[in-house]
Each structure stands twice: as structure tokens, then as C-alpha cells.
Amino acid sequence: MAEKIILTADLYDNAVTERKGDYTAKPRITGTVRNKQIAERILARGSELRLDTIEYILGMGDQEKVTAIAEGKSVVDGVGQYMASIIGSFEGEKAAFDPAIHKLTANYVPGKLLRDTLKNVEIDN
């Protein structure tokens, strides 16, 4: 059976509506997890690899994903799908990218594992 996950949410007055008593919720960020902590979590589950080896592999994976996204590839991993995107309006079929008016960024779509996990999260507010 999967471990029960509880996410704490804070309620804030909804500034978009004028209705009294209308609130929005935002998840409370309770910390930051970096590759080192991910490696520690993997070790705690019983990996035979060393902490520094796991952390090194995670870092290499991050770099390869970043490079692939920058090359225009769609990267799909166990968390989701990542792909580059361009923001801004182009005038004409031959218009060039202009960093003064366009922005290169990335989009993210949650994957099945994350979507399924979030369905089972209990919200505490």
C-alpha cells in the first residue's frame, strides 16, 4: 500500500472576484528537494548504489534532458513531458526570432505517474 501523502494548502482572499467569503487555495511549500535529497530517498528505499553515484547520474540525466529540450526534442520521463516553446507574435512568414520581443521558454505536462499520485493526495487546509 502506498504511503499516505498529505499536502497542506493555505487559503487566500480571491482578488479576482468581489464576492465576500470567496477564497483560493495555494499549496504550502514545505521545503526544497534537490538531486542530493532524491539520491538519499533512493538509498533509503534500498539501492545498492552509493549516494554520490546516484547523485551524479541524476545530474547527468538533468543535463541531457536540458540539452535535448534545447535541441527541440520532447523529453518524457516518469514525472512528465517537457518541450521548448516560443512566446511572442511574429510579423510575416519569414520573421526572425527577436529576443527583445520573443521569449524562448519551456512547457511541462504532468505524466501519468504524477497525475495518478495527485489524485490520492489528501489536502489539509
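Every value quoted in this text rests on a predicted model; they were computed, and no experiment measured them. (Residues numbered from 1 in each chain as written. Predicted model: local features only at pLDDT ≥ 70, side-chain atom pairs only at ≥ 80, totals over all residues. Heavy atoms only, no water.)

Here we take up the side chain of H102. As for its position among the elements, H102 is in the loop between strand 4 (80-87) and strand 5 (103-110). Judged by relative accessible area, which is 7%, H102 ranks as buried. Within the local environment of H102, its side chain forms a polar contact with the backbone oxygen of S89, the two atoms lying 3.0 Å apart. The residues contacting H102, other than those within four sequence positions of it, are I86, I87, G88, S89, F90, A96 and F97. (Helix = DSSP H or I, 4+ residues; strand = E, 2+ residues; numbered from the N terminus. Buried < 20%, exposed > 50% of the residue type's maximum accessible area, 1.4 Å probe, protein only. Polar contact = N/O pair within 3.5 Å; in protein donor to acceptor, adjacent residues only side chain to side chain. Contact = heavy atoms within 4.5 Å.)

With that settled, the discussion passes to the packing of aromatic side chains. Going through the model one piece at a time under the given rule, you end up with one aromatic pair. Both rings, one in Y82 and one in Y108, keep their centres 5.1 Å apart while their planes meet at 45°; by these two values the pair is tilted. With a gap of 26 residues between them, Y82 in strand 4 and Y108 in strand 5 connect regions that are remote in the sequence. Sitting over the ring of Y12, K26 keeps its end group 5.1 Å from the ring centre. (Phe/Tyr/Trp six-rings, centres within 6.5 Å; stacked < 30°, edge-to-face > 60°. Lys NZ or Arg CZ within 6 Å of the ring centre and 35° of its normal.)

Below, the discussion takes up the pattern of salt bridges. Considering all chains together, one arrives at eight salt bridges under this definition. The residue D52 makes a salt bridge to R50 at a minimum N-O spacing of 2.4 Å. For the salt bridge of D116 with K119, the shortest nitrogen-to-oxygen distance reads 3.6 Å. Of this pair, D116 and K119 are both found in helix 3 (residues 112-119), three residues apart, which corresponds to roughly one turn of the helix. The class for D116 is partly exposed, based on a relative accessible area of 27%. (Salt bridge = Lys/Arg side-chain N within 4 Å of Asp/Glu carboxyl O.)

Here we take up the packing of helix 1 (residues 35-44) against helix 2 (residues 51-70). In contact at an axis separation of 9 Å, helix 1 and helix 2 are set at 130° when each is read in the N-to-C sense. It follows that helix 1 is oblique to helix 2 by the angle criterion. Of the two possible hands of crossing, helix 1 and helix 2 adopt the one that is right-handed. On helix 2, the residues touching N35, K36, I38, A39, E40, I42 and L43 of helix 1 are L51, I54, E55, L58, G59 and D62. (Axes fitted to C-alpha atoms, helices over the stretch in contact; angles between N-to-C directions. Parallel < 35°, antiparallel > 145°, perpendicular 65-115°, else oblique. Left-handed = near helix turned anticlockwise from the far one by under 90°.)

Purely geometric stuff here, so don't read any function into it on its own.
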